[in-house]
Amino acid sequence: MAQPFVKKDDDDEEAEYSPFLGIEKGAVLQEARVFNDPQLDPRRCSQVITKLLYLLNQGETFTKIEATEVFFAVTKLFQSRDIGLRRMVYLMIKELSPCADEVIIVTSSLMKDMNSKTDMYRANAIRVLCRITDGTLLTQIERYLKQAIVDKNPVVASAALVSGIHILQTNPEIVKRWSNEVQEAVQSRAALVQFHALALLHQIRQNDRLAVSKLVTSLTRGSVRSPLAQCLLIRYTSQVIHESASNSQTGERPFFDYLESCLRHKAEMVILEAARAITELNGVTSRELTPAITVLQLFLSSSKPVLRFAAIRTLNKVAMTHPMAVTNCNIDMESLISDQNRSIATLAITTLLKTGNESSVDRLMKQITNFMSDIADEFKIVVVEAIRSLCLKFPLKYRSLMNFLSNILREEGGFEYKKAIIDSIVILIRDIPEAKESGLLHLCEFIEDCEFTYLSTQILHFLGIEGPKTSDPSKYIRYIYNRVHLENATVRASAVSTMAKFGAKVESLKPRIFVLLRRCLLDSDDEVRDRATLYLNTLGGHGSEVETDENMNEFLFGSLEVPLVNLETSLKNYEPSDESFDINSVPKEIKSQPLAEKKAPGKKPATGLAAPPSGPATTVDAYERLLSSIAEFSSFGKLFKSSAPVELTEAGTEYTVNVVKHIFDRHVVFQYNCTNTIPEVLLENVAVIVDSSDAEEFSEVASKPLPSLPYDSPGQTFVAFEKPDGVTAIGKFSNILKFIVKEVDPSTGEAEEDGVEDEYQLEDLEVVAADYILKVGVSNFRNAWESMGADYERVDEYGLGPRENLTEAVNAVINLLGMQPCEGTEVVPSNSRSHSCLLSGVYIGNVKVLVRLSFGIDGQRDVAMKLAVRSEDESVSDAIHEIVASG
Amino acid sequence: MILAVLFANSEGNILVERFNGVPAEERLHWRSFLVKLGAENLRGAKNEELLVACHKSVYIVYTVLGDVSIYVVGKDEYDELALSEVIFVITSAVKDACGKPPTERLFLDKYGKICLCLDEIVWKGCLENTDKERIKRLIRLKPPVDF
């Protein structure tokens, strides 16, 4: 709650005496009784209202009864003819926001004021009524509001327009009827009326692209009076540009001239808005960017902090996509590092980190060091992330950047901040080999005094993997073993695992590791003891049978090959039986968001009764369960991959069908998901007749029709094919939906006895090479690529012919191969002329494949591509090249 | 949307706070956040010198006027530029109502008038009036002169 006003000093009592000293809610409510006096004293009443306002504005609340009492008393004040008091009354009623059943008391007074000859009564009555009224009363006053919008007094018009903006949230259908009046108000000569009208008109029409486009076209040619309205128009314009850009890729960008002309506007607000709009254009070219960057640069040295902030904030965004365009501003931004306003300084630093060149790194780091101590954690995180990307950009500078990170790691900070630093150090160690040893030592020092369990365990895990590969692994043991003495059970357990990894990798350390592990056998925690026992056995510390090196390494270092989520689901689905749980039965494909089975658009949601179940969940395990429950398919073995649903009908047709392709080692099953969208018919014996004459290697082995398909209740029918084992057979299939139609009596919902046979042509379906590749990502492509080795590497070059741009070419190849893009390389920076893309996947037969694609585009838009494949199997590497060559 | 307009005295006590579209449970947090922001940055600031900050997608423009610090918080269309317009109108209206950059006492003396000015300037999160001369007339229910 608000702190009471404290009188500071007796000496300056005269000057400091507050009119609200010792103010108390109860007393003020008592005072409010003067509102009921037959002889109203306007001055006194105004004073009491001011006190009530003071209480409310300090966050004080009135109980329901108190508020009602005050409200009723205030309504009495409508009797007074004092203008000042009337103005206060309007405000007070709005502040009290009476509930619906009380509003009725004032509506007649307010309606009277709304029709008053005095303009100001009208304006204020509109605002109050719109604030406190509900939908039913609105329809009664709608006529007056429409008139008010086009009132010649701008205050009345603005009051009605702004009320409209608020009412639109609660009663949009009413406000939408005012379009004509609002349209007229947009042409008003009063600057603010135009501003408010423009905002309201846009909100009314925001879902009608054509209308917004027309509005923008007419206003950009006409005159917009206030800078505020001009800013709105710029925003709406960039929205129109954004939406139309996808239609016309070529040629001049519409409205760009308008945006550029706004850069020369006299109001700073408009200039900045226009510059911002230009920098945010899709695929903005450097020619388009230049004028905008130039004005932003000028604002960087403005005397007004708001302008500096706005300019640097915009440049910061530009630097993410077009760092080179911003380099001209580097000197101006460097001077902003010492800006008094920390927000501006942080933005300047993070922008500089993106745009700076290698030679300026050291100087920049020096400046940042001084600055870090006096900014908040959230700013620090931004800086750390920027430094991480800078270090990856200039690996030679790792020494000063790593030092900086280790220094700030020692300082005070919250979890998120420390985590950002640790993540950065880990990434640098992984990607810059020279930084490894010093980085690991920094991490070791950090865990000596780390209050965050999560971070300690992460670091210990990382040490276990990287530490044994260093020149002197023994120096890390001390830090790790200290954890066993000093930390909680979670960290101790991690430390035990880490020590075991050192023991497994470094033969010379093994005996000493055994000593340490044996000491852990007496730990107070079960998990710690269990791990110590397990590792001692595995490594042979108990004199027991030593596991082979390969097994041991696999056990200690092998990554869990299945995604954890999948493992969890499989374990939950596992029912205890004689057969033990098999980890190989866990699906390996990374699940994206479960795709909701698409329903035909425009279809009404099921109403009445219980809604029918929607289509089956398309997640892998749901498919697996579904297929294994069907006797005909149970002998097909393990499901390798299920495709995303492919639509075989157009949207809005009477029957909608999509198909999911399930790939097994020797079989392919098509699952047709059918929906009947006609309420008056019932379909029975639904089956798909597949013609596989264009898919020679496939032969149909089974078909499972659907007995009945009622309205809006999706069902599945299946067709299974056999194909040669180990061959990635491809082919085209044509499909016809066959069924018996029965009419349904709409009143009873019962189907007629007799039906008619009918059929329905569906689109063709293809099985393509990508169906045999699972999208499985790797976290660090470079490591995966190197550890795969060049034994089965196949490299070749291909011409992809003319393409619109590189993005199109990259997407085409990704779709052709059906592999998982890694490290965000599927995104091509706009206007770039070359690009590298990394893909990873698992080929049928569980063979890991990695692909490196290098693209280049020439002046004629011809795209050339170099394809390098590494895999665990020679034939698979060749197969990938075949797919590309024949695609 | 203009999420909040807040006035505080030099000790950080609240004089006026008006929130729009901010849930009741978050208001206390905002209040202390803004007062802290002012305490850290407004010391030594000149009258009407604007300071600016942003937190995620919310912008804050604030300043000091006499003994009173003023904070305006906005999001979406009310970014730092629009807010600087809003705070400019507020400071000029307050100066006008008080006749000069106010002491705390003067501010409280003119409290009713200032509330009326705010009512004319910000209407449930929208900027309504921007001209101090007009506001001066509107709070006395006088029509604007310029139409």
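Residues numbered from 1 in each chain as written. Chains lettered and ligands numbered in written order. Predicted model: local features only at pLDDT ≥ 70, side-chain atom pairs only at ≥ 80, totals over all residues. Heavy atoms only, no water.

As annotated in an unreviewed UniProt entry, chain B is Coatomer subunit zeta from Rhodamnia argentea. The UniProt entry for chain B carries this comment under Sequence similarities (unreviewed entry): "Belongs to the adaptor complexes small subunit family." What UniProt records for chain B under Function (unreviewed entry) is the sentence "The zeta subunit may be involved in regulating the coat assembly and, hence, the rate of biosynthetic protein transport due to its association-dissociation properties with the coatomer complex." (UniProt positions renumbered as here; feature names shortened; annotations may be inferred.)

The name given to chain A in an unreviewed UniProt entry is Coatomer subunit gamma, with the source organism recorded as Rhodamnia argentea. In its Sequence similarities (unreviewed entry) section, the UniProt record describing chain A reads: "Belongs to the COPG family."

We now examine the overall build of chain B. In terms of helices and strands, chain B carries 5 helices and 7 strands. Seen in sequence order, chain B has helices and strands lined up from the N terminus as β-β-α-β-β-β-α-α-α-β-β-α. Expressed as a percentage of its 147 residues, the buried residues of chain B come to 61%. Of all intrachain contacts in chain B linking residues separated by at least 6 positions in sequence, the fraction that spans at least 24 positions is 47%. When the accessible surface of chain B is totalled, it reaches about 5500 Å², and 51% of it is carbon and sulfur. (Helix = DSSP H or I, 4+ residues; strand = E, 2+ residues; numbered from the N terminus. Buried < 20%, exposed > 50% of the residue type's maximum accessible area, 1.4 Å probe, protein only. Contact = heavy atoms within 4.5 Å. Areas by Shrake-Rupley, 256 points an atom, 1.4 Å probe, with all protein chains shown as cover.)

Right, let's talk about the overall build of chain A for a bit. Of the regular secondary structure elements, chain A holds 37 helices and 17 strands. Sequence-distant contacts, at least 24 apart, represent 63% of the contacts inside chain A between residues at least 6 apart. If you sum the accessible surface of chain A, you get close to 42800 Å²; carbon and sulfur atoms cover 49% of it.

Residue and element names in this part refer to chain A. Where helix α17 (residues 286–300) contacts helix α18 (residues 305–321), the two axes come as close as 8 Å, and the packing angle between them is 140 degrees. It follows that α17 is oblique to α18 by the angle criterion. The way α17 lies across α18 gives a crossing that is left-handed. Side by side, α17 and α18 meet where L289, I293, L296, F299 and L300 of the first sit next to L307, R308, A311, I312, T314, L315 and V318 of the second. Of the residues in the contact of α17 with α18, the class split is 10 nonpolar, 1 polar and 1 charged. (Axes fitted to C-alpha atoms, helices over the stretch in contact; angles between N-to-C directions. Parallel < 35°, antiparallel > 145°, perpendicular 65-115°, else oblique. Left-handed = near helix turned anticlockwise from the far one by under 90°. Nonpolar A, V, L, I, M, F, W, Y, C, P; charged D, E, K, R; others polar.)

On to the pattern of salt bridges. Within this structure, the stated rule accounts for 51 salt bridges over all chains. Among the ionic contacts, a cluster of salt bridges with common partners joins R87(A), K94(A), R127(A), D119(B), E120(B) and E128(B). (Salt bridge = Lys/Arg side-chain N within 4 Å of Asp/Glu carboxyl O.)

Contacts between chain A and chain B engage 62 residues on the former and 51 residues on the latter. Here chain A meets chain B over a buried area of about 5000 Å², counting both sides, of which 60% is carbon and sulfur. Three residues stand out in chain A for area buried against chain B, namely N57(A), R87(A) and V306(A), and they jointly supply 13% of the buried area on that side. Salt-bridge contacts for E120(B) lead to R127(A); the nearest nitrogen and oxygen are separated by 3.2 Å. For the pair chain A and chain B, the interface holds 19 residue pairs in polar contact (both at pLDDT 80 or more). (Buried area = accessible area lost by both parts, 1.4 Å probe. Polar contact = N/O pair within 3.5 Å; in protein donor to acceptor, adjacent residues only side chain to side chain.)

Turning to the sheet that holds strand β4 (residues 58–65) of chain B, a few remarks are in order. All names here are of chain B. If you trace the 5 strands from one edge of the open sheet to the other, you get β2-β1-β5-β4-β3, paired in antiparallel fashion. Edge positions in the open sheet fall to β2 (14–19) and β3 (51–55), since each of these has one partner strand only. If you compare each strand with its neighbour and ignore which way they point, the axes differ by 15 degrees on average. Summarising the sheet, strand β1 (residues 2–8) and strand β5 (residues 68–75) pair through 6 bridges and their orientation is antiparallel. Within β5, the position partnered with A8 by the bridge is S69. Against the sheet, helix α2 (residues 80–98) engages β1, β3, β4 and β5, with an angle of about 25 degrees to β4. (Pairing = 2+ DSSP bridges.)

Let us look at the nonpolar core. Ranked by size, the top nonpolar core spans 250 residues in total, and within it F35(A), I368(A), F7(B), I90(B) and F107(B) carry the most contacts. Here this core gets 11 residues from one element, more than from any other, and that element is α2(B). Not counting chain neighbours up to four residues away, the residues in contact with I368(A) comprise I349(A), L353(A), V383(A) and F404(A). Listed in part, the 65 residues of the second largest apolar core include A729(A), V741(A), V869(A) and I880(A). (Core = buried A, V, L, I, M, F, W, Y, C linked by side-chain atoms within 4.5 Å.)

Each pair of aromatic rings is reported with the distance of its centres and the angle of its planes. Scanning the entire structure with this criterion turns up 24 aromatic pairs over all chains. The interplanar angle of 65 degrees and the centroid separation of 5.4 Å between the aromatic rings of F415(A) and F452(A) together place this pair among those described as edge-to-face. Of this pair, F415(A) sits in helix α25 (residues 415–431) while F452(A) sits in the loop between α26 (436–448) and α27 (453–466), and the two are 37 residues apart along the sequence. In this structure F452(A) comes out as buried when scored by relative accessible area, which is 17%. On the numbers, 5.6 Å between centres and 35 degrees between planes, the contact of F633(A) with F636(A) is tilted. Classification of F636(A) as buried rests on a relative accessible area of 10%. These aromatic residues form a ring-pair network of at least three members: F20(A), Y54(A), F7(B), F107(B) and Y111(B). Against the face of Y144(A) rests R143(A), its NZ or CZ located 4.8 Å from the ring centre. Between R478(A) and the ring centre of Y479(A), over which it is positioned, the NZ or CZ distance is 4.5 Å. (Phe/Tyr/Trp six-rings, centres within 6.5 Å; stacked < 30°, edge-to-face > 60°. Lys NZ or Arg CZ within 6 Å of the ring centre and 35° of its normal.)

By definition, a disulfide is the covalent link that joins the sulfur atoms of two cysteine residues. Going through the model one piece at a time under the given rule, you end up with 0 disulfides over all chains. Take C822(A): it sits in no disulfide, and the sulfur closest to it among the cysteines is that of C837(A), at 8.4 Å. (Disulfide = S-S within 2.5 Å.)

What follows deals with the environment of N846(A). Mapped onto the elements, N846(A) comes out in the loop between β15 (834–843) and β16 (847–857). With 73 residues separating them in the primary sequence, N846(A) and I773(A) have C-alpha atoms 9.2 Å apart.

This part is about empty space enclosed by the protein. Summed over the entire model, instances satisfying the criterion amount to 1 cavity of 30 Å³ or more. Taken as a whole, the largest cavity holds about 30 Å³ of empty space. Lining the largest cavity are M120(A), A123(A), N124(A), R127(A), V155(A), A159(A), E120(B), E128(B) and L138(B). Looking at the lining of the largest cavity, the elements that each hand over two or more residues are α7 (119–132) and α9 (154–170) of chain A. (1 Å grid on protein atoms, 1.4 Å probe; cavity = no way out; pocket = protein on both sides within 12 Å on 5 of 7 lines; lining within 4 Å. Points joined across faces, edges and corners; volume = space filled by probe spheres on them.)

On to α17(A). Residues and elements named next belong to chain A. With 15 residues, α17 should cover 21 Å at 1.5 Å per step; its first-to-last C-alpha distance of 20 Å lies within 8% of that length. For α17, the full list of buried residues reads E288, L289, A292, I293, V295, L296, F299 and L300. Against α15 (256–262), α16 (268–279), α18, α19 (323–326) and α20 (330–336) lie the buried residues of α17. (Expected span 1.5 Å × (residues − 1).)

Of note in this structure, R861(A) is not a glycine but carries a positive phi near 65 degrees. Position of R861(A) among the secondary structure elements: in the loop between β16 and β17 (862–871). The phi torsion at D76(B) lies on the positive side, around 50 degrees, for a residue other than glycine. Relative to the assigned elements, D76(B) resides in the loop between β5 and α2. Exposure remark for D76(B): the relative accessible area of 53% places this residue in the exposed category.

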